[in-house]
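# Coordinate inspection notes
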Amino acid sequence: MTLTDRFERPITYLRISITDRCILRCVYCLPGTDIQWLEPEKQLSVDEITRITEIAAWLGVKRVRLTGGEPLVHPHIVELVERIASLPGIEEVSLTTNAMLLERLAHPLAEAGLKRVNISLDTLDADKFRRITRGGDIDRLWRGIAAAERAGLAPLKLNTVVVNGLNADELPALARLTVENPWHVRFIELMPVGNAQDWGSGFPSQPDRYFPVQDMQTRLSTFDPSTGSGLRLEPVTPPVGNGPARTFRIPGALGTIGFISPLGEHFCQNCNRLRLTADGHLRPCLLLDGEVNLRDALRAGEPLLPLFQKAVDAKPGGHELFQQHYPESRRMAQIGG
Ligand code: SAM
């Protein structure tokens, strides 16, 4: 069975924020200081996440990505991966992480059935990394990447959220990581999800932060401070992964470069996903606020199939950022990105 929405898009991918908690406080994801975490009883349990995913698989979901918050802080992350990976119909379980706990967990996660990891890396500079993440240690991230490679969690993707005046100058250096590593580096436009406020001193203010994907490509092709010349990028077809990234390669490189542009070049026409929030709500669109509450129905013993159908029917044709409709109900960490 495959769920198909009003625009004939098959829904085969579920992203689950398994906890809203994180050990880092990236300025664009968890800005501010008075962060209110979900009360434990509002979070889905391992049994509840597994049950919801089982139903999703029955409805045609084949790929699951665990995210957060930080999925590796979940106390039962290995058990959860194992249970989801063994559900009939699930072909791939992957995970998005800041890699701070990956060195220890990469091997047990791979044994449990995890196939791949996406790792967030916004800068190559250790001090800037600490400032952006508000406490992160870039050496731990590199050790996590090495452990992921040893465990066979491949292909490895690196996610860079590009912010004007913060890390846009590092695009060439980040892109050149792909020359000698078989990694997929993805440059992502900053999305306006719960991050409009001040990020603190030394960070760009709200109207100056957005760096469109067209400017990323221009920056890569015309400017490289270390070599004084631009990078040549050749398109890769078909694109890497089943997601929205458009893919390129530096000629001869082992890895690839992707661009994800929710605003600049919007990719909603190919959206194949639903999102499950840390407190058990199905979210049809990352960038619009409507949700369907599965948790209360599950706990009341009510059927979930009609609620999946309701969420799929509510999937909009596209986000409405250009009409100034911004998501306001949640931070990115509760939705999972
Ligand atoms: N803690 C994990 C991590 O750091 O990768 C997973 C959760 S995080 C919310 C998932 C992804 O969303 C990360 O790659 C992060 O960079 C991205 N993200 C968070 N806020 C974003 C925003 N406002 N715009 C674009 N991407 C964002």
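This is a predicted model, so every value here is computed, not measured. (Residues numbered from 1 in each chain as written. Predicted model: local features only at pLDDT ≥ 70, side-chain atom pairs only at ≥ 80, totals over all residues. Heavy atoms only, no water.)

### A word on the overall build of the chain
Across its full length, the chain carries 11 helices and 14 strands. Over its C-alpha atoms the chain spans a radius of gyration of 19 Å, differing by no more than 12% from the 20 Å that the globule rule assigns to 337 residues. Seen through its C-alpha atoms, the chain measures out along the principal axes to roughly 65 × 45 × 40 Å. The proportion of buried residues among the 337 residues of the chain is 55%. Relative to all contacts within the chain whose residues are 6 or more apart in sequence, the contacts with residues 24 or more apart total 74%. Accessible surface, the chain: about 14,100 Å² in total, of which carbon and sulfur atoms supply 51%. (Helix = DSSP H or I, 4+ residues; strand = E, 2+ residues; numbered from the N terminus. Rg over C-alpha atoms; globule rule 2.2 N^0.38 Å. Buried < 20%, exposed > 50% of the residue type's maximum accessible area, 1.4 Å probe, protein only. Contact = heavy atoms within 4.5 Å. Areas by Shrake-Rupley, 256 points an atom, 1.4 Å probe, with all protein chains shown as cover.)

### Some words on the layout of surface pockets
Its boundaries defined by the atoms lining it, the second largest pocket holds a volume of some 380 Å³. Around the second largest pocket, the lining comprises 18 residues; the ones closest to its centre are P192, N195, A196, Q206 and Y326. (1 Å grid on protein atoms, 1.4 Å probe; cavity = no way out; pocket = protein on both sides within 12 Å on 5 of 7 lines; lining within 4 Å. Points joined across faces, edges and corners; volume = space filled by probe spheres on them.)

### Considering the sheet that holds strand β7 (residues 157-162)
Spatially, 12 strands are ordered β9-β10-β11-β8-β7-β6-β5-β4-β3-β12-β13-β14 in an open sheet, and the strand pairing comes out mixed. Because the sheet does not close on itself, it has two edges, and the strands there are β9 (234-235) and β14 (292-293). Sheet analysis places strand β10 (residues 246-249) next to strand β11 (residues 256-260), joined by three bridges and oriented antiparallel. For T247, the partnering residue across the bridge sits in β11 and is G258. Sitting on the sheet, helix α8 (residues 213-222) is in contact with β7, β8 (184-189), β10 and β11, with an inclination near 135 degrees to β8. (Pairing = 2+ DSSP bridges. Axes fitted to C-alpha atoms, helices over the stretch in contact; angles between N-to-C directions.)

### What to know about the site of the ligand
Contacts to the ligand come from 19 residues, most closely from Y28, G69, E70, S120 and M191. Between the ligand and G69, the relevant distance is 2.8 Å, taken from a nitrogen atom to a main-chain nitrogen or oxygen of the residue. One of the side-chain N or O atoms of E70 is found 3.0 Å from a nitrogen atom in the ligand. Considering the ligand on its own, with 540 Å² of exposed area, one finds that the protein chains cover 95% of that surface. Mapped onto the shell around the ligand, the elements with two or more residues apiece are β5 (92-97) and β7. For the shell around the ligand, a count of residues per class yields six nonpolar, 11 polar and two charged. (Near = heavy atom within 4 Å. Polar contact = N/O pair within 3.5 Å; in protein donor to acceptor, adjacent residues only side chain to side chain. Nonpolar A, V, L, I, M, F, W, Y, C, P; charged D, E, K, R; others polar.)

### A word on a nonpolar patch on the surface
Taken together, the side chains of M1, W58 and L305 present a nonpolar region at the surface, about 370 Å² in accessible area. Along the polypeptide, W58 turns up in helix α1 (residues 46-58). (Patch = residues over 30% accessible without salt bridge, like charges linked within 9 Å, V, L, I, M, F, W, Y side chains within 5 Å. Salt bridge = Lys/Arg side-chain N within 4 Å of Asp/Glu carboxyl O.)

### A short note on the environment of S329
Topologically, S329 is positioned in the loop between α10 (305-313) and α11 (332-335). The contacts of S329, once residues within four sequence positions are left out, are R283, D289 and E291.

### Points about the side chain of S17
Mapped onto the fold, S17 is located in strand β3 (residues 13-17). What makes S17 buried here is its relative accessible area of 1%. Sequence-distant contacts of S17, defined by excluding residues within four places in its chain, comprise T67, G68, G69, L276, T277, A278, A333, Q334, I335 and G336.

### With respect to the packing of aromatic side chains
Under the definition given, this model contains four aromatic pairs. The interplanar angle of 20 degrees and the centroid separation of 6.4 Å between the aromatic rings of W142 and W183 together place this pair among those described as stacked. With W142 in helix α5 (residues 138-150) and W183 in the loop between α7 (177-180) and β8, this pair connects stretches of sequence that are 41 residues apart. Looking at W142, the relative accessible area reads 27%, which means it is partly exposed. Between F187 and F259 the ring centres are 5.9 Å apart and the planes differ by 45 degrees, which places this aromatic pair in the tilted class. (Phe/Tyr/Trp six-rings, centres within 6.5 Å; stacked < 30°, edge-to-face > 60°.)

### Overview of helix α3 (residues 102-112)
For α3, the complete set of buried residues consists of L102, L105, A106, L109 and A112. Each buried residue of α3 sits inside an arc of 135 degrees when the element is viewed along its axis, so together they form one side. Of the residues in α3, the exposed ones pointing more than 90 degrees away from the buried face are R104, H107 and E111. The inward-facing, buried residues of α3 abut α2 (77-85), β5, β6 (116-120) and α5. (Arc of directions from axis to C-beta.)

### Concerning the nonpolar core
Membership of the largest hydrophobic core comes to 105 residues, with the highest contact counts inside it found for L66, F187 and F308. When residues of this core are assigned to their parent elements, the largest contribution, six residues, is made by α1. (Core = buried A, V, L, I, M, F, W, Y, C linked by side-chain atoms within 4.5 Å.)

### What to know about the pairing of β3
Extensive coverage of β3 is indicated by the burial of five of its five residues. Of the pairings in the sheet, the one linking β3 to strand β4 (residues 63-67) comprises five bridges and is parallel in character. Bridged to I16 within β4 is L66. One crossover worth recording links β3 to the parallel β4 by way of α1, and it is right-handed. (Right-handed = clockwise from strand over helix to strand, strands pointing away.)

### Digging into the packing of α1 against α2
Working note: a packed helix pair is described by the angle between its axes plus the distance between those axes. Between α1 and α2, whose axes approach to 10 Å, the crossing angle comes to 20 degrees. Classed by the angle they form, the pair α1 and α2 counts as roughly parallel. As for how α1 packs across α2, the hand of that crossing is right-handed. Of α2, the residues touching α1 (which contributes V46, D47, I49, T50 and T53) are E79, L80, R83 and I84. Partitioned by chemical class, the residues of the contact of α1 with α2 number four nonpolar, two polar and three charged. (Parallel < 35°, antiparallel > 145°, perpendicular 65-115°, else oblique. Left-handed = near helix turned anticlockwise from the far one by under 90°.)

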